[in-house]
Amino acid sequence: MAGKIDSIMTVKRNGEAIAYDPVFGDILRFTVTASGAYLLGDADGDGAVTILDATAIQRHLADLPTAFCAAAADVDGEDGVTIIDANYLQRWLAGLPSNDEIGQVIR
C-alpha cells in the first residue's frame, strides 16, 4: 500500500478553525470587502491592478473560489460585476482605451 496523502488544511473563518481539503473537492470561498479606500480594478484585493484581477473576475463569474472585492471589480460602474469589467481591465493593462479611473484610489 502506498503512503497516505494528507491534503487537509486548517483555516479560520470568523475566528473558528475549519477543515479544508482542496484535493477532495472542498471549495473555500471568501470575499474581500472594501472598507474605506481601494484601487479601482483591484478585484483580488492585493493592492495592485494586474492580469490576476481580470482572472479573479472571471473566476467569480464562474463561481470558482477566489479572493474578490466586488466594489473594486466593477470598473465600468454598470450592472454590477460582469465579463465586461474583466475586458476593461485587460484593455487597460494592454494600454488600450478603457476606463481612465482604473488604478486610481476610490474613497
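This text gives an overview of the structure that appears in the document.

Cut-off values and rules
- Numbering of residues starts from 1 in each chain and follows the order in which that chain's sequence is written.
- Reporting of local features is limited, given that this is a predicted model, to residues whose pLDDT is at least 70; pairs of side-chain atoms are given and counted only at 80 or more, and all residues count toward the totals for whole chains, interfaces and linings.
- As a rule here, side-chain values cover all heavy atoms of the structure and leave hydrogens and water aside.
- Every helix listed is a DSSP run of H or I at least four residues long, and every strand listed is a run of E at least two residues long, numbered separately from the N terminus.
- Classification of residues uses two cut-offs on accessible area relative to the type maximum, computed with a 1.4 Å probe and protein chains only: under 20% is buried, over 50% is exposed, and between them is partly exposed.
- Contacts are residue-level and defined by heavy atoms, with any inter-residue pair within 4.5 Å sufficient.
- Accessible areas in this description were obtained via Shrake-Rupley with a 1.4 Å probe; residue shielding takes into account the shown protein chains only.
- To obtain an axis, a line is fitted to C-alpha atoms, over the contacting stretch when the element is a helix, and the angle between two such axes runs from 0 to 180 degrees between their N-to-C directions.
- By definition in this entry, angles of less than 35 degrees are roughly parallel, angles greater than 145 are roughly antiparallel, angles of 65 to 115 are roughly perpendicular, and the rest are oblique.
- Side-chain classes follow a simple rule in which Ala, Val, Leu, Ile, Met, Phe, Trp, Tyr, Cys and Pro form the nonpolar group, Asp, Glu, Lys and Arg form the charged group, and the remainder, Gly included, forms the polar group.

This brings us to the overall build of the chain. What the chain contains, in helices and strands, is 3 helices and 4 strands. Each helix and strand of the chain, placed in order from N terminus to C terminus, yields the pattern β-β-β-α-α-α-β. Looking at the chain as a whole, 29% of its 107 residues are labelled buried. Pairs at least 24 residues apart make up 48% of the contacts formed inside the chain by residues separated by at least 6 positions. Carbon and sulfur atoms provide 53% of the accessible area of the chain, an area that totals close to 7100 Å².

Turning next to the side chain of Asp42. Looking at where Asp42 falls in the secondary structure, it is placed in the loop between strand 3 (38-39) and helix 1 (51-61). Those residues in contact with Asp42 that lie beyond four places of it in its chain are Gly47, Ala48, Val49, Asp53, Cys69 and Ala72.

A word on the packing of helix 1 against helix 3 (residues 83-93). Orientation of helix 1 relative to helix 3, taken along the N-to-C sense of each, is 170°, at an axis distance of 9 Å. Regarding the angle of helix 1 to helix 3, the classification is roughly antiparallel. Here Ile51, Asp53, Ala54, Ile57, Gln58 and Leu61 of helix 1 come into contact with helix 3, specifically with Ile83, Asp85, Ala86, Leu89, Gln90 and Leu93. For the contact of helix 1 with helix 3, a count of residues per class yields 8 nonpolar, 2 polar and 2 charged.

Residue Asp63 is not a glycine yet carries a positive backbone phi of 60°. In this structure, Asp63 sits in the loop between helix 1 and helix 2 (70-73). Non-glycine residue Asp79 carries a positive phi angle of around 60°. Structurally, Asp79 is set in the loop between helix 2 and helix 3.

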